[in-house]
Amino acid sequence: MAIRRNKITVVGAGFTGATTALMLAQKELGDVVLLDIPQLENPTKGKALDMLEAGPVQGYDAQITGTSNYEDAAGSDIVIITAGIARKPGMSRDDLVNTNAGIVKSVCENVREVAPDSIVIILSNPVDAMTYVAYQALGFPKNRVIGQSGVLDTARYLTFISQELNVSVEDVKGVVIGGHGDDMVPLVRYTYAGGVPIEKLIPADRIEAIVQRTRTGGGEIVNLLGNGSAYYAPAASLVQMTEAILKDKKRIIPTIALLEGEYGYDNLFMGVLTVLGANGIEKILDIELTEDEKTALDKTANSVRNVIKVVTG
Ligand SMILES: NC(=O)C1=CN([C@@H]2O[C@H](COP(=O)(O)OP(=O)(O)OC[C@H]3O[C@@H](n4cnc5c(N)ncnc54)[C@H](O)[C@@H]3O)[C@@H](O)[C@H]2O)C=CC1
Ligand SMILES: O=C([O-])CC(=O)C(=O)O
């Protein structure tokens, strides 16, 4: 009997989408469909074929298909949405809201038809608001509509801490919650190196500098690249979320989830700690925060709400 591999569709075959497709194949998480607009069908097919031909060298077995036809995405287990425009130096993520809301909506209307049982992960920015747009357009239950921000923001935060301490990234644990913008909330009090709270290891002014660098981490890359935004760490983040779902790992991962009362917020998509497993977001962790942490979370929640207002009128 033929073994059915997982099917993962990546919509948007640009920098983040193509990198994600390659990393998914390298980890043999399933067969990958890479989908972009009809005008870019040949380059999309070309990227997919090129990745497929790396399989014998790297030793991965995965079908990788380039397409602009949603029929090829039929029955996908996971759909990852990276479609949309990226910012350039001088822009904020929120400047992308109107263009990307239209793109995400139209993508989701297609996904709803061909992959009604899929779990959808959204990357397109401004991602908290785009996850809201996707939720409305898909009509899926909230556990199957997930935004990516926290894995990436946390990865940046942990990178800077491990550099500061000159220790392995494997021994640094922590989390960033809140909206994917410059007022996101790295939870310093819940950050450890080798099990030791970082407040015992790093002076307060250095921690503050790391927090600020984390908050503007996306912009730092945008300024360096000059013509687009980050894609290696974003792709790695999407792959970690996909793996947690497909392997039912029940990992505690920060993701953008629909909040209905958690942390005192309602009808808001924002980054919080979640348990990711076969059913998507299986649980939201409503963790205890200090007054200062809650004030910071309120600030980022307001920013997200203001962007959501732009798309909901
Ligand atoms: N949430 C996060 O942490 C991150 C979000 N992003 C966001 O992800 C998005 C993609 O970034 P990149 O891949 O660097 O951009 P890119 O410009 O390299 O690729 C975007 C692709 O989307 C395609 N596209 C546009 N409209 C489409 C449609 N209707 N259907 C299918 N495909 C369509 C474009 O043709 C293009 O190939 C941007 O909005 C960016 O801001 C990027 C990095 C991290
Ligand atoms: O900064 C951007 O525009 C892309 C992004 O969300 C990130 O890299 O965090």
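Refer to the structure printed above.
An account of the accompanying structure is given in this report. Everything numeric here is computed off the predicted structure, so don't read it as measured data.

All residues in the neighbourhood of ligand 2 are listed as Arg-87, Arg-93, Asn-125, Leu-152, Arg-156, His-180, Gly-218, Val-222, Ser-229 and Ala-230. At 2.9 Å from an oxygen atom of ligand 2 is found a side-chain nitrogen or oxygen belonging to Asn-125. A distance of 2.7 Å separates an oxygen atom of ligand 2 from a polar atom in the side chain of Arg-156. Within the residue set of the shell around ligand 2, elements represented by two or more residues are helix H6 (150-165) and helix H8 (217-225). The class makeup of the residues in the shell around ligand 2 is three nonpolar, four polar and three charged.

Structurally, the position occupied by Val-185 is in strand E9 (residues 185-186). Of the residues examined, Val-185 reaches a relative accessible area of 4% and is grouped as buried. Between the C-alpha atom of Val-185 and that of Ser-303, which follows or precedes it by 118 residues, the distance is 12 Å. The contacts of Val-185, once residues within four sequence positions are left out, are Val-175, Val-176, Ile-177, Arg-215, Ala-296, Leu-297 and Thr-300.

Taken together, 27 residues are adjacent to ligand 1, and Phe-15, Thr-16, Asp-36, Ile-85 and Asn-125 come closest. The side chain of Asp-36 places a nitrogen or oxygen atom 2.6 Å from an oxygen atom of ligand 1. Here an oxygen atom of ligand 1 sits 3.2 Å away from a polar atom, N or O, in the side chain of His-180. Relative to its unbound accessible surface of 860 Å², ligand 1 loses 86% to contact with the protein. Elements supplying a minimum of two residues to the shell around ligand 1: helix H1 (15-26) and helix H4 (97-114). Per-element tally for the shell around ligand 1: the top contributor is H4, with three residues. A breakdown of the residues in the shell around ligand 1 according to their chemical character gives 16 nonpolar, ten polar and one charged.

The subject of this paragraph is helix H2 (residues 41-52). Residues spaced three or four apart along an α-helix point in a common direction, a consequence of the helix completing one turn every 3.6 residues. For H2, built from twelve residues, the straight-helix expectation of 16 Å at 1.5 Å per residue is met to within 8% by its first-to-last C-alpha distance of 16 Å. All of the buried residues along H2 are Thr-44, Ala-48 and Met-51. Buried residues in H2, looked at end-on, bunch into an arc of 60°, giving them a common side. Every exposed residue of H2 that faces more than 90 degrees away from the buried side is listed here: Asn-42 and Asp-50.

What counts, and at which threshold
- Residues numbered from 1 in each chain as written.
- Chains lettered and ligands numbered in written order.
- Predicted model: local features only at pLDDT ≥ 70, side-chain atom pairs only at ≥ 80, totals over all residues.
- Heavy atoms only, no water.
- Near = heavy atom within 4 Å.
- Polar contact = N/O pair within 3.5 Å; in protein donor to acceptor, adjacent residues only side chain to side chain.
- Helix = DSSP H or I, 4+ residues; strand = E, 2+ residues; numbered from the N terminus.
- Nonpolar A, V, L, I, M, F, W, Y, C, P; charged D, E, K, R; others polar.
- Buried < 20%, exposed > 50% of the residue type's maximum accessible area, 1.4 Å probe, protein only.
- Contact = heavy atoms within 4.5 Å.
- Areas by Shrake-Rupley, 256 points an atom, 1.4 Å probe, with all protein chains shown as cover.
- Expected span 1.5 Å × (residues − 1).
- Arc of directions from axis to C-beta.

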